[in-house]
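# Coordinates in review
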Amino acid sequence: MLKDITLGQYFPGDTAVHRLDPRTKLILTVVYIAALFTANNWFGYLLVFAALAAVMIIAHIGPKAVLRGLKPLIFIIVFTAILNLFFTAGDDYIFHWRFIKITHTGVHNAVTMALRVMLLVAGTFLLTYTTSPLAITDGLEMLLSPLKKLKVPVYELSLMMSIALRFIPTLIEETDRIMSAQKARGADLESGTLIDRAKALLPLLIPLFVSAFRRADELATAMECRCYNGGEGRTRMKVLKMHRGDAVAFLLGAALMAGVILLRRVSL
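Below you will find a few notes about this structure. Just so it is clear, the structure is predicted and the values come from calculations on it, not from any experiment. (Residues numbered from 1 in each chain as written. Predicted model: local features only at pLDDT ≥ 70, side-chain atom pairs only at ≥ 80, totals over all residues. Heavy atoms only, no water.)

Before going further, it helps to examine the overall build of the protein. Secondary structure summary: the protein contains 10 helices and 2 strands in total. When the helices and strands of the protein are placed in sequence order, the string is α-α-α-α-α-β-β-α-α-α-α-α. Burial status across the protein gives 32% buried among its 268 residues. If you take every contact in the protein between residues at least 6 apart in sequence, the share linking residues at least 24 apart comes to 75%. A total of about 17100 Å² of accessible surface is found on the protein, and carbon and sulfur atoms cover 69% of it. (Helix = DSSP H or I, 4+ residues; strand = E, 2+ residues; numbered from the N terminus. Buried < 20%, exposed > 50% of the residue type's maximum accessible area, 1.4 Å probe, protein only. Contact = heavy atoms within 4.5 Å. Areas by Shrake-Rupley, 256 points an atom, 1.4 Å probe, with all protein chains shown as cover.)

Here's what the structure looks like:
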């Protein structure tokens, strides 16, 4: 299961999506999320899904990679659907027995919320799939640079996010290594009830936290030894510049948002 977590992983490539400026991809990701939550019918969701599929095809990201990233979130998706199914108020009952009530509105909300979560996760995963952590940091820092006038530590926040994304795969590998060591010592991590398995995972937390703090201390020491002093006066090997492809991407993002808004008036 841990190997299926692909958040923070970057798949190098030379596609049109990979070549986009990271600022463009960050802004379009926000536009995609806004369009996803603006859609209120199946036509809108179909348009958002078509946009997601088009980006996957252009970026040469196969559906298996996206589905592998969704696999660890199945519990959250199912739990969200169940909450909407049984706790949505309404009088259009499909099934009613004592306190268990299922309505047409509840079924609709359950399906749409599960679909929204899956499309949301898939869309945000494409950002990390096609953009390196360093590029995301540079793009986010430049987008938030106006906040520096308000004394907001923009560079430090961007660096923290970059380090977090960079070390997600490392921590996953470390967790998998600790679990293998515990299993070799006779620990049973896969049988029993859900509560029993949760209790069995508790001994993994201490060595994982120790390893994480040790890596953080080593990283801080390495940065101090290299006289690292933050973003003041820092230069970049690759200066971010927007090109014609970024303008086309912005137009397509605006078209997606406009299409979703227009489709809000269409009903099945």
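Now, onward.
This part takes up unusual backbone geometry. One non-glycine residue, His-60, lies in positive phi territory at about 60 degrees. As for its position among the elements, His-60 is in the loop between α3 (42–59) and α4 (63–70).

Here we take up the packing of aromatic side chains. Applying the stated criterion across every chain, the model contains 5 aromatic pairs. For the pair Phe-125 and Tyr-129, a centre-to-centre distance of 5.9 Å together with 50 degrees between the ring planes defines the contact as tilted. With a gap of 4 residues between them, Phe-125 and Tyr-129 both fall in helix α6 (residues 104–130), about one helical turn apart. For Phe-125, a relative accessible area of 8% corresponds to the buried category. Taking relative accessible area as the criterion, Tyr-129 reaches 0% and is therefore assigned buried. Connected via pairs of aromatic rings, a cluster forms that spans Phe-11, Phe-125 and Tyr-129. (Phe/Tyr/Trp six-rings, centres within 6.5 Å; stacked < 30°, edge-to-face > 60°.)

All chains considered together, the criterion is met by 5 salt bridges. The partner of Arg-215 in a salt bridge is Glu-174, and the shortest N-O contact between them spans 3.2 Å. Of this pair, Arg-215 sits in helix α9 (residues 194–225) while Glu-174 sits in helix α8 (residues 154–184), placing them 41 residues apart in sequence. It is possible to trace a salt-bridge network through shared partners that takes in Glu-174, Arg-177 and Arg-215. (Salt bridge = Lys/Arg side-chain N within 4 Å of Asp/Glu carboxyl O.)

It is worth spelling out the packing of helix α2 (residues 22–38) against helix α7 (residues 133–143) at this point. Two elements in contact, α2 and α7, have axes separated by 8 Å at closest approach and are oriented at 75 degrees. Classified by the angle their axes make, α2 and α7 are roughly perpendicular. Packed against α2, whose contacting residues are Pro-22, Arg-23, Leu-26 and Ile-27, the element α7 presents Ala-135, Ile-136, Gly-139, Leu-140, Met-142 and Leu-143 at the interface. Among the residues making up the contact of α2 with α7, the classes are represented as 8 nonpolar, 1 polar and 1 charged. (Axes fitted to C-alpha atoms, helices over the stretch in contact; angles between N-to-C directions. Parallel < 35°, antiparallel > 145°, perpendicular 65-115°, else oblique. Nonpolar A, V, L, I, M, F, W, Y, C, P; charged D, E, K, R; others polar.)

For the rest of this paragraph, the subject is the side chain of Thr-128. Here Thr-128 is to be found in helix α6. A polar contact is formed between the side chain of Thr-128 and the backbone oxygen of Phe-125, at a distance of 2.9 Å. (Polar contact = N/O pair within 3.5 Å; in protein donor to acceptor, adjacent residues only side chain to side chain.)

At a closest axis distance of 10 Å, the pairing of α4 and α6 adopts a crossing angle of 115 degrees. Our pair here, α4 against α6, has a crossing hand that is right-handed. Every residue of α6 that contacts α4 at Ala-65, Val-66, Gly-69 and Leu-70 is listed here: Met-118, Val-121, Ala-122, Phe-125 and Tyr-129. In terms of residue class, the contact of α4 with α6 is built from 8 nonpolar, 1 polar and no charged. (Left-handed = near helix turned anticlockwise from the far one by under 90°.)

On to the environment of Ile-74, then. In this structure, Ile-74 sits in helix α5 (residues 74–86). Remark: the alpha-carbon pair of Ile-74 and Met-118, spanning 44 residues in sequence, is separated by 9.2 Å.

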